[in-house]
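# Topology and contacts: notes
Given next are the chains, with one letter for each unit.
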Amino acid sequence: MSFYYGPPEPPDEEKPAGFRETMTIIWVAFSVLAVPLALILGVFFGIVLIIWLFLFSRLLGALTIVVILGAVAGYGVWEAKHPPKLG
């Protein structure tokens with residue numbers, strides 16, 4: 001009789017994960033982290049590009065910022081004129 005009335009031998013160990021299970025876990029982790037990582041890298045390289053443009057020419061740097069602000073404002077106007085249809 002064993003302690004706590006269980007079987008006298010230890011339970012069988014589970015076999016280790018195979019290639020498919022490992023790749024599925026890697027794929028899920030990468031798919032969750034891909035979008036935030038791409039956004040962070042995109043913003044970083046955008047800032048570096050704007051700084052480089054300002055070092056190259058003040059006009060190009062300012063024009064780039066004006067284009068970005070215009071795109072954000074245009075997107076805001078587009079969203080205001082096309083509200084989502086609920087229901």
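What you see is a predicted model, and the numbers here were worked out from it, not measured in a lab.

### Examining the overall build of the chain
For the chain, the helix and strand inventory stands at two helices and zero strands. Taken over C-alpha atoms, the radius of gyration comes to 28 Å for the chain, far larger than the 12 Å a tight globule of 87 residues would show. Residue burial in the chain is summarised as follows: out of 87 residues, 5% are buried. Of the roughly 8,600 Å² of accessible surface on the chain, a fraction of 76% belongs to carbon and sulfur atoms. In the chain, 5 positive and 6 negative side-chain charges are present, and the distance between their average locations comes to 33 Å.

### Brief notes about a nonpolar patch on the surface
Together, L49, W52, F56, L60, L63 and V67 make up an exposed nonpolar region whose accessible area comes to about 630 Å². With respect to the element layout, F56 can be found in helix α1 (residues 19-56). Judged by relative accessible area, which is 58%, F56 ranks as exposed.

### Some points on helix α2 (residues 58-81)
The terminal C-alpha atoms of α2, which comprises 24 residues, lie 35 Å apart, in line with the 34 Å expected from a rise of 1.5 Å per residue. The N-terminus of α2 is capped by S57, whose side-chain oxygen sits 3.3 Å from the backbone nitrogen of L59.

### Description of the packing of α1 against α2
Contact geometry for α1 and α2: axes closest at 5 Å, N-to-C directions at 145°. Of α2, the residues touching α1 (which contributes I50, L53, F54 and F56) are R58, L60, G61, A62, T64, I65 and I68.

Here is what the cut-offs are and how they apply
- Residues numbered from 1 in each chain as written.
- Predicted model: local features only at pLDDT ≥ 70, side-chain atom pairs only at ≥ 80, totals over all residues.
- Heavy atoms only, no water.
- Helix = DSSP H or I, 4+ residues; strand = E, 2+ residues; numbered from the N terminus.
- Rg over C-alpha atoms; globule rule 2.2 N^0.38 Å.
- Buried < 20%, exposed > 50% of the residue type's maximum accessible area, 1.4 Å probe, protein only.
- Areas by Shrake-Rupley, 256 points an atom, 1.4 Å probe, with all protein chains shown as cover.
- Lys, Arg positive; Asp, Glu negative; His and termini not counted.
- Charge placed at Lys NZ, Arg CZ, Asp CG, Glu CD.
- Patch = residues over 30% accessible without salt bridge, like charges linked within 9 Å, V, L, I, M, F, W, Y side chains within 5 Å.
- Salt bridge = Lys/Arg side-chain N within 4 Å of Asp/Glu carboxyl O.
- Expected span 1.5 Å × (residues − 1).
- Polar contact = N/O pair within 3.5 Å; in protein donor to acceptor, adjacent residues only side chain to side chain.
- Axes fitted to C-alpha atoms, helices over the stretch in contact; angles between N-to-C directions.
- Contact = heavy atoms within 4.5 Å.

These figures come from the coordinates and say nothing about function on their own.
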